[in-house]
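Here is how the chains run, residue by residue.
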Amino acid sequence: DTEVTQTPKHLVMGMTNKKSLKCEQHMGHRAMYWYKQKAKKPPELMFVYSYEKLSINESVPSRFSPECPNSSLLNLHLHALQPEDSALYLCASSQSSQETQYFGPGTRLLVL
Amino acid sequence: AQSVTQPDIHITVSEGASLELRCNYSYGATPYLFWYVQSPGQGLQLLLKYFSGDTLVQGIKGFEAEFKRSQSSFNLRKPSVHWSDAAEYFCVNRGSTLGRLYFGRGTQLTVWP
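Residues numbered from 1 in each chain as written. Chains lettered and ligands numbered in written order. Predicted model: local features only at pLDDT ≥ 70, side-chain atom pairs only at ≥ 80, totals over all residues. Heavy atoms only, no water.

**Considerations on unusual backbone geometry**
And then number 1: Residue Pro8(A) is bonded to the preceding Thr7(A) through a cis peptide linkage, with omega at -5°.
And then number 2: Structurally, Pro8(A) is set in the loop between strand S1 (4-7) and strand S2 (10-13).
And then number 3: For Glu52(A), which is not glycine, the phi dihedral falls at a positive 65°.
And then number 4: For Glu52(A), a relative accessible area of 33% puts it in the partly exposed group.
And then number 5: Phi is positive for Ser72(B), which is not a glycine, with a value near 50°.
And then number 6: Considering the arrangement of structural elements, one finds Ser72(B) in the loop between strand S8 (64-68) and strand S9 (73-78). (Helix = DSSP H or I, 4+ residues; strand = E, 2+ residues; numbered from the N terminus. Buried < 20%, exposed > 50% of the residue type's maximum accessible area, 1.4 Å probe, protein only.)

**Thoughts on empty space enclosed by the protein**
Residue and element names in this part refer to chain A.
And then number 1: According to the stated counting rule, one finds one cavity of 30 Å³ or more in the structure shown.
And then number 2: The volume enclosed by the largest cavity comes to roughly 40 Å³.
And then number 3: What lines the largest cavity is simply His29, Arg30, Met32, Tyr49, Tyr51, Glu52, Cys68 and Ser71.
And then number 4: When grouped by side-chain class, the residues that make up the lining of the largest cavity number four nonpolar, two polar and two charged. (1 Å grid on protein atoms, 1.4 Å probe; cavity = no way out; pocket = protein on both sides within 12 Å on 5 of 7 lines; lining within 4 Å. Points joined across faces, edges and corners; volume = space filled by probe spheres on them. Nonpolar A, V, L, I, M, F, W, Y, C, P; charged D, E, K, R; others polar.)

**Here we look at the side chain of Lys78(B)**
All names here are of chain B.
And then number 1: Relative to the elements of secondary structure, lysine 78 occurs in strand S9.
And then number 2: What makes lysine 78 buried here is its relative accessible area of 10%.
And then number 3: Separated by 2.9 Å, the side chain of lysine 78 and the backbone oxygen of lysine 61 make a polar contact.
And then number 4: A polar atom in the side chain of lysine 78 sits 2.8 Å from the side chain of aspartate 85. (Polar contact = N/O pair within 3.5 Å; in protein donor to acceptor, adjacent residues only side chain to side chain.)

Written out as structure tokens, the structure reads:
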């Protein structure tokens with residue numbers, strides 16, 4: 001089983017809202033990732049967690065705040081987003097940060 | 001710097017025809033290469049991967065890829081395309097920094113019935 005789940009599937013939020021994206025895997029993977037993907041572009045890495053510690057932050061604006069409460073869960077807290085933040089947000093996980101990454105279905109975010 | 005090149009932005013084939021998607025990588029050490037497929041509005045699904053060993057790699061959905069070090073290539077092939085294969089295909093190289101992947105720009109595949 002190589003399933004990564006993400007909720008919600010779609011999200012519409014205003015620029016003053018606070019919302020969270022959730023990602024979950026039960027494969028025992030110890031590395032988890034957030035990516036942002038704009039239309040017609042490849043995914044761009046945002047954050048990497050390895051063994052529940054943040055190991056990579058790709059200079060992401062502070063309005064995006066990741067959280068890894070345990071080895072199965074990864075959250076992305078959103079606050080005061082801009083319309084240009086509208087995108088598909090993908091979560092991925094891997095056995096370790098050296099191993100193959102498996103992606104979730106994504107959350108389609110629209111910021112109004 | 002590490003990079004992955006997919007020369008073809010868009011390819012159109014007829015259903016039942018053969019398919020080859022091109023990918024070239026640049027990196028001095030042994031690459032760790034992947035092909036992912038993404039249907040519209042969906043996540044990325046792993047088709048196949050190459051780390052070492054046999055240079056012809058079999059994947060899911062009838063896809064295969066051949067690693068050619070002399071040409072720095074990792075082209076994806078399928079002998080007979082189905083309409084459901086229409087999607088975006090990404091060639092990916094694992095970076096030297098743990099957790100980082102280098103994506104090609106993607107090739108959009110359209111399948112004519």
